[in-house]
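One letter stands for each residue in the lines below.
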Amino acid sequence: MQIDWQKGLIPVVTQDENGEVLMLAYMNEEAFKLSCESGYAHYFSRSKNRIWKKGESSGNTQKIKQIKLDCDNDAILLKVEQIGAACHTGSHSCFFKELDILENSRIPSKKNSRIPSANTPSYGILDELYHTCLERKLSGDESTSYTAKLYKKAPNSYLKKIAEEACEFALAIKDFKAGTKGEHKEAQPAYDIVYEGADVLFHMLVALADVGIHPEQLLNELRRREGLSGLIEKANRKG
């Protein structure tokens, strides 16, 4: 039985051994082969633009028990043994947001938007902040969320902040080199660099989430350049 890879990425519905739907993801042909060969679920991340093994960071792996195809050979159903939580929030399943259709309205109201858990897996602060930005963009309250307020007036709001904070970062470096005492912590001028640098990075994450580019793609670009002379890299740029 052949999978129709001509359609590109194939949607994958993943269930646990009891039949509960855990998540929806995507595979390309290579991810599918890795899943079959290793016995553990591998997917293709559209935001990270790479193949990833489920649980590679958190340890919450998925041991494959069964693979099924739909009638058109262009969708996959995985039944897995889920180790730990499937969702990055710490929820067993990614599908925990219940929508109630309001009476006389076509607009659903959302409840249980997030289930906090003491067992929330760690995917790294950049990934966690990126997903928080996505949540704020989709359903954040601008009256209580700074990030949601930025998205309300995007992109000018966060682009202005990136420029402002980059300038503050540069000035913090300059002040440090000049031997100033420090603005945010007395006698700790190096902390000003950290503080302002974090502000730049945060607003960059807001921008990346708005355009759907995971920060790991920036890290991958740096890895691509590793070992390559900066002068050569610039000379090879188009235009």
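Look up: the structure comes first, before these words.
To start, this report covers the structure provided alongside it. Sequence order as written defines residue numbering, which begins from 1 separately in each chain. In keeping with the predicted nature of the model, local features appear solely for residues at pLDDT of at least 70, side-chain atom pairs appear and are counted solely at 80 or more, and the whole-chain, interface and lining totals rest on all residues. Hydrogens and water are ignored here; the side-chain numbers use all heavy atoms of the structure.

### Thoughts on the packing of aromatic side chains
Next up, step 1: Aromatic pairing here means that ring centres of Phe, Tyr or Trp (its six-membered ring) are within 6.5 Å. Orientation follows from the plane angle: under 30 degrees is stacked, over 60 is edge-to-face, and everything else is tilted. Going through the model one piece at a time under the given rule, you end up with four aromatic pairs.
Next up, step 2: Aromatic side chains Tyr 43 and Trp 52 sit 5.5 Å apart centroid to centroid with 45° between the ring planes, which places their arrangement in the tilted category. A single burial state applies to Tyr 43 and to Trp 52, both of which are buried.
Next up, step 3: Note on criteria: charge over ring means Lys NZ or Arg CZ within 6 Å of the ring centre, with the direction from the centre no more than 35 degrees off the ring normal. The ring of Tyr 40 carries Lys 53 above its face, with NZ or CZ at 4.9 Å from the centroid.
Next up, step 4: We note Lys 185 situated over the ring of Tyr 191; from NZ or CZ to the ring centre the distance is 4.3 Å. Exposed residues in this analysis have more than 50% of their type's maximum accessible area, buried residues have under 20%, and partly exposed residues fall in between, with area computed by a 1.4 Å probe over protein chains only.

### Comments concerning the pattern of salt bridges
Next up, step 1: Throughout this description, the term salt bridge denotes a Lys or Arg side-chain nitrogen within 4 Å of a carboxyl oxygen of Asp or Glu. If you walk through the whole model with that rule in mind, you get eleven salt bridges.
Next up, step 2: The residue Glu 56 makes a salt bridge to Arg 50 at a minimum N-O spacing of 2.6 Å.
Next up, step 3: A cluster of three or more residues bridged by salt bridges with shared partners is formed by Lys 48, Arg 50, Glu 56 and Glu 216.

### Some remarks on unusual backbone geometry
If a residue is not glycine, its phi is most likely negative; likewise, a peptide bond is most likely trans.
Next up, step 1: Cis geometry marks the peptide bond from Ala 154 to Pro 155, where omega comes out at 0°.
Next up, step 2: Counting from the N terminus, the helices are DSSP H or I runs at least four residues long and the strands are E runs at least two residues long. Within the fold, Pro 155 resides in the loop between α3 (146–152) and α4 (156–178).
Next up, step 3: With a phi close to 60°, Asn 49 is a non-glycine residue in the positive phi region.
Next up, step 4: Looking at the element boundaries, Asn 49 is found in the loop between β3 (42–45) and β4 (50–53).
Next up, step 5: Unlike most non-glycine residues, Asn 73 shows phi in positive territory, near 60°.
Next up, step 6: Structurally, Asn 73 can be placed in the loop between β5 (62–69) and β6 (76–82).
Next up, step 7: Taking relative accessible area as the criterion, Asn 73 reaches 22% and is therefore assigned partly exposed.

### Details of the nonpolar core
Soluble globular proteins: nonpolar side chains tend toward being buried together.
Next up, step 1: Within this scheme, the nonpolar core is defined by two criteria: the residues are buried Ala, Val, Leu, Ile, Met, Phe, Trp, Tyr or Cys, and they are joined through side-chain atoms within 4.5 Å. By size, the foremost hydrophobic cluster in this structure holds 20 residues, and its most contacted members are Met 27, Tyr 43, Ile 76 and Leu 78.
Next up, step 2: Elements that contribute at least two residues to this core include exactly β1 (10–15), β2 (21–27), α1 (29–38), β3, β4 and β6.
Next up, step 3: No other element matches β2, which puts four residues into this core.
Next up, step 4: Once residues within four sequence positions are removed from consideration, Met 27 is found in contact with Trp 5, Gly 8, Leu 9, Ile 10, Val 12, Phe 32, Ser 35, His 42, Tyr 43, Phe 44, Ile 76 and Leu 78.
Next up, step 5: Formed by eight residues, the second largest nonpolar core is a distinct cluster that contains Tyr 130, Tyr 151, Val 206 and Ala 209. It only takes one pair of heavy atoms within 4.5 Å for two residues to be counted as in contact.

### Some details on the layout of surface pockets
Next up, step 1: When its volume is computed, the largest pocket comes out at roughly 1,100 Å³.
Next up, step 2: When contributions to the lining of the largest pocket are tallied by element, the ones reaching two or more residues are β2, β3, β4 and α2 (125–139).
Next up, step 3: Considering each element in turn, the lining of the largest pocket owes the most residues, six residues, to α2.
Next up, step 4: Residues are grouped as follows: Ala, Val, Leu, Ile, Met, Phe, Trp, Tyr, Cys and Pro are nonpolar; Asp, Glu, Lys and Arg are charged; all remaining types, including Gly, are polar. In the lining of the largest pocket, the residues fall into 15 nonpolar, seven polar and nine charged. Of the grid points, spaced at 1 Å and generated over the protein atoms alone, those admitting a 1.4 Å probe that cannot get out make up cavities, while open sets with protein on both sides within 12 Å along at least five of seven lines make up pockets; any residue with an atom within 4 Å of a point is treated as lining. Grid points are joined across faces, edges and corners, and a volume is the space filled by probe spheres set on the points.

### Looking at the environment of Phe 96
Next up, step 1: Take Phe 96: it is sitting in the loop between β6 and β7 (98–101).
Next up, step 2: Owing to a relative accessible area of 12%, Phe 96 belongs among the buried residues under this scheme.
Next up, step 3: Phe 96 sits 74 residues away from Leu 22 along the chain, and the two C-alpha atoms are 9.5 Å apart.

### Here's the deal with the environment of Lys 181
Next up, step 1: Here Lys 181 lies in the loop between α4 and α5 (189–211).
Next up, step 2: C-alpha separation for the pair Lys 181 and Asp 192, spaced eleven residues apart in sequence, amounts to 9.9 Å.
Next up, step 3: In contact with Lys 181, other than residues within four places in its own chain, are Glu 186, Ala 187, Gln 188 and Pro 189.

### Observations regarding the sheet that holds β5
Next up, step 1: Here a strand pair is declared whenever DSSP counts at least two bridges between the two strands. Taken in spatial order, the four strands make up an open sheet running β2-β1-β6-β5, and their pairing is mixed. Here the strands that pair on one side only, and so sit at the sheet edges, are β2 and β5. Between one strand axis and the next, the sheet turns through 25° on average, direction left out of account.
Next up, step 2: Bridge analysis of β5 against β6 gives seven bridges, and the strand direction is antiparallel. Counted as the bridge partner of Ile 64 is Val 80 from β6.
Next up, step 3: The sheet contacts of α1 involve β2, β5 and β6, and relative to β2 the element is tilted by about 125°. Every angle, taken between N-to-C directions, lies between 0 and 180 degrees, and every axis is a line fitted to C-alpha atoms, over only the stretch in contact when it is a helix.

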